[in-house]
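Here are the chains, one letter per residue:
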2 protein chains.
Amino acid sequence: MGRDVITTADHLRNALDGRWRDVKNATREQLSTEVFKPHYTPNTVIARTKVAEQLRIMAAQGAAEDGFRKEHGGNGDVGAAITRIEMLAMSDLSLMVKAGVQWGLFGGAIENLGTERHHQAYVRQIIDLDLLGCFAMTETGHGSDVQSIETTATYDPATREFVIDSPTATSRKDYICGAAETARVAAVFAQLITPDGQNHGVHCFLVPIRDEQGNDLPGVTTGDCAYKGGLPGVDNGRIQFDHVRVPRENLLNRYGDVDEAGNYSSPIESTGRRFFTMLGTLVRGRVTVGGAAAAAARVALDIATRYALQRRQFDRPDGGEVLIMDYLVHQRRLLPLIAESYALQFAQNELVAKCHDLQTVEEPDPEEQRELEARAAGLKAIATWHATRAIQEAREACGGAGYLAENRLIALRGDTDVFTTFEGDNHVLLQLVAKQLLTEYADDIKGMSPVEWVRFAANYAGERVLKRTAAETIIQTILDTRQDNEEEGSLFNRGTQVKMFEDREEYMISTLARRLQGKSKEMDEFDAFNAVQDHVLHAARAHIERVVLEAFVAGIEACEDEEARRILSMVCDLYALSVFERDRAWYMEHRFLSTERAKAVTRGINERCRNLRPYAELLVDGFGIPEQLRYAEMLHPENIVDT
Amino acid sequence: MGRDVITTADHLRNALDGRWRDVKNATREQLSTEVFKPHYTPNTVIARTKVAEQLRIMAAQGAAEDGFRKEHGGNGDVGAAITRIEMLAMSDLSLMVKAGVQWGLFGGAIENLGTERHHQAYVRQIIDLDLLGCFAMTETGHGSDVQSIETTATYDPATREFVIDSPTATSRKDYICGAAETARVAAVFAQLITPDGQNHGVHCFLVPIRDEQGNDLPGVTTGDCAYKGGLPGVDNGRIQFDHVRVPRENLLNRYGDVDEAGNYSSPIESTGRRFFTMLGTLVRGRVTVGGAAAAAARVALDIATRYALQRRQFDRPDGGEVLIMDYLVHQRRLLPLIAESYALQFAQNELVAKCHDLQTVEEPDPEEQRELEARAAGLKAIATWHATRAIQEAREACGGAGYLAENRLIALRGDTDVFTTFEGDNHVLLQLVAKQLLTEYADDIKGMSPVEWVRFAANYAGERVLKRTAAETIIQTILDTRQDNEEEGSLFNRGTQVKMFEDREEYMISTLARRLQGKSKEMDEFDAFNAVQDHVLHAARAHIERVVLEAFVAGIEACEDEEARRILSMVCDLYALSVFERDRAWYMEHRFLSTERAKAVTRGINERCRNLRPYAELLVDGFGIPEQLRYAEMLHPENIVDT
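Residues numbered from 1 in each chain as written. Chains lettered and ligands numbered in written order. Predicted model: local features only at pLDDT ≥ 70, side-chain atom pairs only at ≥ 80, totals over all residues. Heavy atoms only, no water.

### Focus: the UniProt feature "domain: Acyl-CoA oxidase C-terminal" (unreviewed entry) in chain A
Then step 1. The sites that UniProt annotates as "domain: Acyl-CoA oxidase C-terminal" (unreviewed entry) are residues 497-627 of chain A.
Then step 2. Secondary structure across residues 497-627 of chain A divides into 84% helix and 0% strand, with the first and last C-alpha atoms of the span separated by 36 Å. (UniProt positions renumbered as here; feature names shortened; annotations may be inferred. Helix = DSSP H or I, 4+ residues; strand = E, 2+ residues; numbered from the N terminus.)

Rendered as structure tokens:
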């Protein structure tokens, strides 16, 4: 047999790679070249320089074209664009963030919120890095509640200019990637105020902030956020505007415009709805962040697993030392996280496909768009928390070696840490998911404050119907084979598992609706919301976990190799059982699980861990991480204890 | 009323401070001086220089005397010594580690494993920093299983020297604090081999490694571990020995000696027992590490709580923005961790007192000594994991601001990260606790490998009796008032809480013993151990949590102020309920909690969070962290959003 034999690892990798597997394979080759070799430095000057070099090479290789529409000079392959940026996380998360901001957020703002004049003037320059930008939304005083930002853009009809102003400490733009050093232009979000004094809500304006020499332009004061918990290559900074004037044309005017005289017009009447429609076009950012965090987690789990397969500690009865991967608790630390990584990858594939399909049509279906946004928000939250947990566990599982920079886990950890709170704080994102579930994707929900939302939800009469994802037919078939008896064997039945995920979600959402309605009769809206806030977050998680399980099931179905399917099925069991275990108290409290079956969950996990132990290396091989990107000094052959 | 009014915060602080409150107050003043102001730099040169300066100032102020016996030139106040080093964690964890290694581990090795010749020659120099040392135990290939280290010390009667040798990659001393740069002498742990070829197990030797100019001595090769996940001021390094000769007198010979001719003698016959007796004398290290991690967690929680009390986000129904501390989920994120911090502090106080009392008598009671070691191991594990979790939660609770170095959370997080795996990996430490519980502190257990231990435990007939800690009388009184009915109110009854902690522990230990005995009939010892390893860790945690609750109860009892006692009692409820919530699945599975009472646990936590909300600031005031040490840029008044 020749080199073309397809191994089980190849089948696993192909299954995990999904629709953009060719882009993934091409990116793997690219990232295997010298310039993308992972490196470590806490020194921001060195790290920023390195990232700039890498970005230039990427641009020269045409990495950014996919993210822009053909008519603007790109390739119009949204899925490929997201995939490519996600994968940078395996090399350097600073690079991923810089690329994501330049092409995804700054470029995306111009692409999606601008009109022809902006596309013609800027898209090519953005692709080629001839125009470096930043995305200036967050302010020191306003992170989660971006509708309340304070920076204003007041139209002056005398000069046909907008005057950008952020006079207070809390209105300062903060944490902005690129603002400290590289960006020449900022996409600034500000309250648009017309000469009649009316505030039309948040809009986006292109504001030059630096000259060619990198000096702040008049009225602009930038600052450097300096050292952070990670991402040394990202120049986060601050921008304060003191009556900075920009031409009327610098308003990205797709969703709202001001004519020369100062009259405002917009295709969307509601201020809140308009703003969230704008944000909705930028959903790609959240999709990429969740995907990148998951990619970083896979690298960490790969490294920790390979270490556990060479590190020995304490004697066996028959002499020799025990591989740490052979300890039950070590298996329990790593294998369920690997299983969750598999599960999240399948869900991410579906999300990227959905995002691609909606962003490559002229008029996306509004309901589909809202579902995409909720799913992107929820998966971003789950994937980034997973990354925090998985990388930390990987670090601890490698002991002192895991703490050394040369073994990469601490950089993965530090760099991804902020992912749980940027591009939307995870708690706020999960609330958004629950809101949309509760009100069955009714319009205008996203822009509501907790108070407005409770007022709405309490009066909302609609009965929610659980909506299955793409895999509808497959899931129905699987549900038909379920075993709902009380025997513990049924915990390994896929139909039973799916049913238990669905039941949990439905029960949580319907009881949440009832509780909200009840509370809002007894107290004001804020207190009503606050009384059930923990329930809100739990319900959102239950929803996303169900979507993830369904994606896993569909992913197994799509895999053509029998042995790979058999292994994936064990991994899927471990994922489902891990979710049950984490939430088994809830299942018992609500009579979905007897105490005996709950105990069987724990036994089932231990058993699956033992059964998957021989496949540990295969499972991380399936991640398909190029050798250069999963390197750690401690894995060097000379460090292997041979006994 | 004058300045001498004692506030509730003062009472809380005094209660938390415990027996060495005077030392704590003195240290607070010291740490409020300019040189101990927290700073941030990832640059190892700057950080190491700063720590060296701080250490010199501490030494000049007589900080180290307490740790050494009067007859060796110290003050013999072990509790004060531990307390002082723990508290450094609030300023800089690098400083805490450097001080801990120089005076606690290196100094402690000489103090406790050496004899008069060593005390006379070195103790004063160590106190004054005239002799800088390191503690070279861990090897690249041997971390948790230190009995298996490979470095050898072979006695050569011809020259009356020991020959220190570490010829392989895995026998290299690794991660050693001080080895990269500062240490002139290493306390090297090595297998002692006599001329007859016999290995007498691990002993400690003083080996000079650098000359006055800082150059490696002949046969010694040091290296620098360079960047780590934190602790930039700690110069961790590596040491390789190539037949390095030291005089016979350099053996720290309290527990084993070699005469000039090469004959070995020791007061302890068993090699394993001898080694673990030596390690036992160094228990102070673990006590300090757990205490320092908890101190760092308190700083992080203090900062995050104060931020939550000034940061507003989203509108209230009556206008204005909501303080994030007013959100239920935010309360749930911070308050239970604050409650756990209180709980751990009371437990730490008892542990330090026990350590002090045992280390200041000539012949400590062996059973008490073993109990001290188990408690130190268990509390170290629980406290360091608590720190990892609490600091991470604090970081996320502060959003983007939490990710900036200027707000200190990421340094606290990165610096303490390694605490879960150094001074004993937490999983291994919990196994040690369980081992000792199972075999009722029988001798010789500590040195056993999992295999040997299972062999022992399976044949161990003794029935275990739950042993209460110092608070025996108080606990018995409280137990007598318990309400064991099924009404949810009883969850707030202290007696019921204590009983539920005790029941869980006893049930877990006794079922563990039975399972181990059963398994060891069916399979070999390693497999038997491995089949129940998750149960082992859970049982150990249950034990430590019970000890912690008892300490909390005793701490409340000792507090003289009624209002402070009332608040402490609510905090204690929150701690107990949080433990129940985390483990409520187990309680239901084993019929200690009905599903209805389990649901009441969650309601009870939400209620306690709401009740404690008005005391949030008071609770962190009670930590008594000097203002300079709880500073973060984001807490600066100008960053407050005033609405």
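### Here we look at the interface of chain B and chain A
Then step 1. Every contact between the two is made by 87 residues of chain B and, on the other side, 88 residues of chain A.
Then step 2. Of the roughly 7,000 Å² buried between chain B and chain A on both sides combined, carbon and sulfur atoms contribute 56%.
Then step 3. Ranking the residues of chain B by area buried against chain A places B:Phe314, B:Tyr403 and B:Glu589 at the top, with a combined share of 11%.
Then step 4. Put simply, chain B and chain A have nine salt bridges between them.
Then step 5. Close ionic contact of A:Arg332 with B:Asp534 constitutes a salt bridge, the shortest N to O distance being 3.9 Å.
Then step 6. Of the residues forming the side of chain B that touches chain A, the biggest block, seven residues, is contributed by helix 21 (residues 595-612) of chain B.
Then step 7. In terms of residue class, the side of chain B that touches chain A is built from 33 nonpolar, 25 polar and 29 charged. (Contact = heavy atoms within 4.5 Å. Buried area = accessible area lost by both parts, 1.4 Å probe. Salt bridge = Lys/Arg side-chain N within 4 Å of Asp/Glu carboxyl O. Nonpolar A, V, L, I, M, F, W, Y, C, P; charged D, E, K, R; others polar.)

### Considerations on the sheet that holds strand 7 (residues 220-224) of chain B
Residues and elements named next belong to chain B.
Then step 1. One open sheet holds the three strands; their spatial order is 4-8-7, and the pairing between them is antiparallel. Each of the sheet's edge strands pairs with one partner strand only, and the pair in question is strand 4 (173-177) and strand 7. Strand-to-strand twist in this sheet, taken as the mean axis angle between neighbours without regard to direction, amounts to 30°. (Pairing = 2+ DSSP bridges. Axes fitted to C-alpha atoms, helices over the stretch in contact; angles between N-to-C directions.)

### Brief notes about the sheet that holds strand 7 (residues 220-224) of chain A
All names here are of chain A.
Then step 1. Strands sit in the order 4-8-7 across an open sheet of three strands; the sheet is antiparallel. Each edge of the open sheet carries a strand with a single partner, namely strand 4 (173-177) and strand 7. Averaged over all pairs of adjacent strands, the angle between strand axes in this sheet comes to 30°, irrespective of strand direction.
Then step 2. Here five bridges tie strand 7 to strand 8 (residues 236-241), and the two strands are oriented antiparallel to one another. Its bridge partner lying in strand 8, Gly223 is registered against Arg238.

### A few points about the relation of the copies chain B and chain A
Then step 1. Least-squares fitting of chain B to chain A yields an RMSD of 0.0 Å, with the transformation described by 0.0 Å of translation along the axis and a rotation of 180°. Interpreted geometrically, this transformation is the action of a two-fold axis. It is B:Ala585 whose C-alpha, among those of chain B, lies nearest the rotation axis, at 2.2 Å.
Then step 2. The share of interface residues of chain B whose copies in chain A are also at the interface is 100%, consistent with both copies meeting through the same surface. (Least-squares fit on C-alpha atoms with pLDDT ≥ 70 in both.)

### Observations concerning the UniProt feature "domain: Acyl-CoA oxidase/dehydrogenase middle" (unreviewed entry) in chain A
Then step 1. Here the UniProt feature "domain: Acyl-CoA oxidase/dehydrogenase middle" (unreviewed entry) sits at residues 134-244 of chain A.
Then step 2. As a span, residues 134-244 of chain A carries 0% helix and 44% strand, and end to end its C-alpha atoms are 17 Å apart.

### Digging into the pairing of strand 6 (residues 199-208) of chain A
Residue and element names in this part refer to chain A.
Then step 1. Most of strand 6 is tucked away, with eight of its 10 residues classed as buried.
Then step 2. Where strand 5 (residues 185-193) and strand 6 come together, eight bridges link them in antiparallel fashion. Paired with Ala186 across the bridge in strand 6 is Val207. (Buried < 20%, exposed > 50% of the residue type's maximum accessible area, 1.4 Å probe, protein only.)

### Let's talk about the domain arrangement of chain A
Residue and element names in this part refer to chain A.
Then step 1. Here chain A is partitioned into domain 1 (8-127), domain 2 (133-271) and domain 3 (284-476 + 485-630).
Then step 2. Taking only C-alpha atoms, the centre of domain 2 and the centre of domain 3 are 36 Å apart.
Then step 3. Across the domain 2 to domain 3 interface the summed buried area is about 470 Å²; carbon plus sulfur atoms make up 52%.
Then step 4. Remark: the boundary between domain 2 and domain 3 carries zero salt bridges.
Then step 5. Our count for the contact surface shared by domain 2 and domain 3 stands at one residue pair in polar contact (both at pLDDT 80 or more).
Then step 6. Taken together, the residues of the side of domain 2 that touches domain 3 break down into two nonpolar, five polar and no charged. (Domains from an automatic or database assignment. Polar contact = N/O pair within 3.5 Å; in protein donor to acceptor, adjacent residues only side chain to side chain.)

### Regarding the pattern of salt bridges
Residue and element names in this part refer to chain A.
Then step 1. Going through the model one piece at a time under the given rule, you end up with 93 salt bridges over all chains.
Then step 2. Of the charged contacts in the structure, one is a salt bridge between Glu181 and Arg48, with a shortest N-O distance of 2.6 Å. Here Glu181 is found in the loop between strand 4 and strand 5, whereas its partner Arg48 is found in helix 3 (residues 44-60), with 133 residues between them in sequence.
Then step 3. In this structure Glu181 comes out as partly exposed when scored by relative accessible area, which is 41%.
Then step 4. By relative accessible area, Arg48 is classed as buried at 11%.

### A short note on the state of the cysteines
Then step 1. For the coordinates displayed, the defined rule picks out zero disulfides over all chains.
Then step 2. The structure places no disulfide on A:Cys225, whose sulfur is separated from the nearest cysteine sulfur, that of A:Cys177, by 10 Å.
Then step 3. In this structure B:Cys609 is not part of a disulfide, and its nearest cysteine sulfur, from B:Cys572, lies 15 Å away.
Then step 4. A relative accessible area of 0% means that B:Cys609 is categorised as buried. (Disulfide = S-S within 2.5 Å.)

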